[in-house]
Amino acid sequence: MASKKHGTGRSRATPRPFALRREVLTAYTAPALTAGAAGIVTGQRDLAVAAVTSIAGTSAVVAFLVGAWLRNGGHPRRWTSGLPRAAVTVVLAVAAAGAAALLGWFAAQWLPVHTPVPATPRLERLRIDLPVSAALAAAIVTLRWRSTLATPRSRPTPGGALPPGTHQESRNEETG
């Protein structure tokens, strides 16, 4: 999506604002379609079922939780906006994968032993499906969220003043 900057005639790409609803819908739809199609094409019925349940469901839940936490009522936390984008992404992806791995272990190992839930191959899939889905969803949502915070450094503000730390030479190159 491109928008024209007033007065220059040049178009600049502007990121769409972070909308949690859209991120959650995308987090569900993308893995459901891709993993579901792979399951159908390869004849793996269990993958096709997991695609719309454990894989896409985990992605949507993690996207919602991470996205809501990052937004924090519209006020980003200091470390999530101050650290490099890659560092924040790795930290949140590893945290989400770790929590999902514990949940997958709980579902596959603990439930059959302590409850009437039988041990099945679908429960065993959770040990892989949940952490992978959680890590991908957390990484994508974090990157999308951070892309909406990014602002170019050498752009003049609407009043014509330069942001702190920029030099007049960079402004002359833009206008000249």
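In what follows, the accompanying structure is described. Just so you know, these numbers come straight off a predicted model, no measurement behind them. (Residues numbered from 1 in each chain as written. Predicted model: local features only at pLDDT ≥ 70, side-chain atom pairs only at ≥ 80, totals over all residues. Heavy atoms only, no water.)

**Topic: a nonpolar patch on the surface**
A cluster of nonpolar side chains, contributed by Trp-69, Trp-79, Leu-83 and Val-91, occupies part of the molecular surface with about 330 Å² of accessible area. The topology assignment puts Leu-83 in the loop between helix H3 (78–82) and helix H4 (85–114). (Patch = residues over 30% accessible without salt bridge, like charges linked within 9 Å, V, L, I, M, F, W, Y side chains within 5 Å. Areas by Shrake-Rupley, 256 points an atom, 1.4 Å probe, with all protein chains shown as cover. Salt bridge = Lys/Arg side-chain N within 4 Å of Asp/Glu carboxyl O. Helix = DSSP H or I, 4+ residues; strand = E, 2+ residues; numbered from the N terminus.)

**Focus on the pattern of salt bridges**
Between side chains of opposite charge, a pair can form as their charged atoms come close. Counted under the stated rule, the structure contains 4 salt bridges. Measuring nitrogen to oxygen at the nearest pair gives 3.1 Å for the salt bridge that ties Arg-125 to Asp-129. One end of the pair is Arg-125 and the other is Asp-129, both in helix H5 (residues 121–149) and 4 residues apart, which spans about a single turn.

**A short note on H4**
Relative to the 44 Å expected for 30 residues at 1.5 Å per residue, H4 spans 42 Å between its end C-alpha atoms, a close match to the ideal helical length. Along H4, the largest kink reaches about 35° and is centred on Phe-106. Buried within H4 are the following residues: Val-88, Thr-89, Leu-92, Ala-93, Ala-96, Ala-97, Ala-100, Gly-104, Ala-107 and Ala-108. Structurally, H4 contributes buried residues whose contacts are with helix H2 (45–71), H3 and H5. (Expected span 1.5 Å × (residues − 1). Bend = angle between axes of the 7 residues up to and from the residue. Buried < 20%, exposed > 50% of the residue type's maximum accessible area, 1.4 Å probe, protein only. Contact = heavy atoms within 4.5 Å.)

**Some points on the nonpolar core**
Generally speaking, a soluble globular protein has its nonpolar side chains buried in company with each other. Formed by 20 residues in total, the largest nonpolar core has its most connected members in Val-62 and Val-66. Contributing elements (two or more residues each) for this core: helix H1 (20–42), H2, H4 and H5. Top contributing element to this core by residue count: H5, with 8 residues. Apart from residues lying up to four places away in sequence, Val-62 is in contact with Gly-67, Ala-96, Ala-134, Ala-137 and Ala-138. (Core = buried A, V, L, I, M, F, W, Y, C linked by side-chain atoms within 4.5 Å.)

**So, the environment of Arg-77**
Structurally, Arg-77 can be placed in the loop between H2 and H3. Look past the residues within four positions of Arg-77 in its chain and what remains in contact with it is Trp-69 and Asn-72.

**So, the packing of H1 against H2**
Packing of H1 against H2 leaves a shortest axis separation of 8 Å and a crossing angle of 160°. As the angle between them shows, H1 and H2 are arranged roughly antiparallel. Handedness of the H1/H2 crossing: right-handed. In terms of residue class, the contact of H1 with H2 is built from 19 nonpolar, 5 polar and 2 charged. (Axes fitted to C-alpha atoms, helices over the stretch in contact; angles between N-to-C directions. Parallel < 35°, antiparallel > 145°, perpendicular 65-115°, else oblique. Left-handed = near helix turned anticlockwise from the far one by under 90°. Nonpolar A, V, L, I, M, F, W, Y, C, P; charged D, E, K, R; others polar.)

So yeah, pure geometry; function would need other evidence.
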